[in-house]
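# Survey of secondary and tertiary structure
If you want the building blocks of each chain, they are given just below.
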Amino acid sequence: MKSGLILYLLVLSISIQAQTFSTNSTLIDENRYNGIKGNPYILDDFSTAVIYDIDGEMIQDALVNYNAYEHGVEVKKGNRITILDEDYYPKVVITQVSKKKNDTGDIILVPSPESNMKGTYVQEIFASDEIKFYKKFRVTQSKNKTEAPGKTFTTKRFAHKTEYLLNYGGELHQVKGKLDAVTAVIGNKKELKSYCKKHKNKLKSDQDWNALLSFYSTM
């Protein structure tokens, strides 16, 4: 009797989780961004990911992309899209990456540490007890007007911008992706510059930043 009750509760828990995951599922609108050049996503296409819920349970092999224009992690299944609620899903690890830039490897998305950015995810590049370093994605629409005899043509395009957030000792800073900007907060400028020179680390990728801050944590 007891084992039967446990099995029932387990099935019920899985059912509730599935319902929560699909509550805001909508049909894919192929015309959502008609007339706008480019796309609002951080990846060229949806990629395989592992999604973690608040209990640490995993949803594996999900197809995921981050919409930086509407600030949401989108999960695609068939002809439907689900927008993740960061209160239920605090971590998304994208494991197969097709990025616009030259970074490779996993992309870890977590809820933004900015109190005024609820619903927004950021990329966690490095995390320790002392330091957390994030990449923040932002996409806006740019408009260009072209004049022709008797006509005005307007071209809309998605414009991507990357910003960085540094949590040091519990205090959050928005910083440029430059060594001088980061060392202005965490110090040890001489040692970190020496490390970059020795290891030919030009801080051009997420992995470069992770390596630098991993070294800092050993100092």
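This text follows the structure it describes.
Predicted model, so just to flag it, every value in this text is computed and none were measured.

About the cut-offs
Going along each chain's sequence as written, the residues are numbered from 1 onward. Residues qualify for local features only when their pLDDT is at least 70, as the model is predicted, and side-chain atom pairs are given and counted only at 80 or more; totals for whole chains, interfaces and linings, by contrast, use all residues. Based on all heavy atoms of the structure, the side-chain values leave hydrogens and waters out of the count. Comment: elements are numbered from the N terminus, with helices defined as DSSP H or I runs of at least four residues and strands as E runs of at least two. Residue burial is assigned from relative accessible area. The probe radius is 1.4 Å, only protein chains are included, and a residue is buried under 20% of its type maximum, exposed over 50%, and partly exposed in between. Ring pairs are drawn from Phe, Tyr and Trp, using the six-membered ring of Trp, whenever the two centres fall within 6.5 Å, and their geometry is named by plane angle: stacked under 30 degrees, edge-to-face over 60, tilted for the rest. Contact definition: two residues touch when any of their heavy atoms are within 4.5 Å. When DSSP finds two or more bridges between two strands, those strands count as paired. Interaxial angles span 0 to 180 degrees and are taken between N-to-C directions of axes, which are lines fitted to C-alpha atoms, for helices over the stretch in contact. Any angle that falls under 35 degrees is termed roughly parallel, while one over 145 is termed roughly antiparallel, one within 65 to 115 roughly perpendicular, and all others oblique. Left-handed describes a crossing whose near helix is turned anticlockwise from the far helix by less than a right angle; the clockwise case is right-handed. Cavities and pockets are found on a 1 Å grid laid over the protein atoms alone: a cavity is a set of points where a 1.4 Å probe fits but cannot escape, a pocket is an open set with protein on both sides within 12 Å along at least five of seven lines, and a lining residue has an atom within 4 Å of such a point. Grid points are joined across faces, edges and corners, and a volume is the space filled by probe spheres set on the points. Any residue that is not Ala, Val, Leu, Ile, Met, Phe, Trp, Tyr, Cys, Pro, Asp, Glu, Lys or Arg is counted as polar, Gly included; the first ten are nonpolar and the last four charged.

### Regarding unusual backbone geometry
One non-glycine residue, Lys 200, lies in the positive phi region at around 50 degrees. Locating Lys 200 in the fold gives a position in the loop between α3 (189-198) and α4 (206-216). On the basis of relative accessibility, which here comes to 75%, the residue Lys 200 falls in the exposed class. With a phi angle near 55 degrees, Leu 203 is a residue other than glycine that sits in the positive phi range. Its location among the elements puts Leu 203 in the loop between α3 and α4.

### What to know about the packing of aromatic side chains
In the structure shown here, the tally under the stated rule is 10 aromatic pairs. Consider the rings of Tyr 33 and Phe 158, whose centres lie 5.2 Å apart with planes at 85 degrees: the pair is edge-to-face. One end of the pair, Tyr 33, is in the loop between β1 (26-27) and β2 (36-37); the other, Phe 158, is in strand β11 (residues 151-168), and 125 residues separate them in sequence. Phe 158 carries the same exposure label as Tyr 33, and that label is buried.

### Some details on the side chain of Glu 114
Structurally, the position occupied by Glu 114 is in the loop between β8 (107-111) and β9 (121-127). If we skip the residues at most four places from it in the chain, Glu 114 touches Lys 136, Leu 165, Leu 172 and Gln 174.

### A look at the pairing of β11
Where β2 and β11 come together, 2 bridges link them in parallel fashion. Counterpart to Lys 37 in the pairing with β11 is Arg 157. As defined by bridge partners, strand β10 (residues 131-148) adjoins β11 across 18 bridges and the pair is classed as antiparallel. Each bridged residue has a counterpart across the sheet, and for Thr 146 the counterpart in β11 is Phe 153.

### A look at the packing of helix α2 (residues 179-186) against α4
Where α2 meets α4, the closest approach of the two axes is 13 Å, and the angle between their N-to-C directions is 25 degrees. With respect to each other, α2 and α4 are oriented roughly parallel. For the pair α2 and α4, the sense of crossing is right-handed. Listed contacts from α4 to Leu 179, Val 182 and Ile 186 of α2 are Trp 209, Leu 212, Leu 213 and Tyr 216.

### Structural notes on the layout of surface pockets
If you add up the space inside the second largest pocket, you get close to 400 Å³. For the second largest pocket, the lining is made up of 20 residues, of which Ile 28, Asp 29, Arg 32, Tyr 33 and Tyr 41 are closest to its centre. Elements that contribute at least two residues to the lining of the second largest pocket include exactly β1, β5 (72-77) and β6 (80-83). Broken down by class, the residue content of the lining of the second largest pocket amounts to 9 nonpolar, 4 polar and 7 charged.

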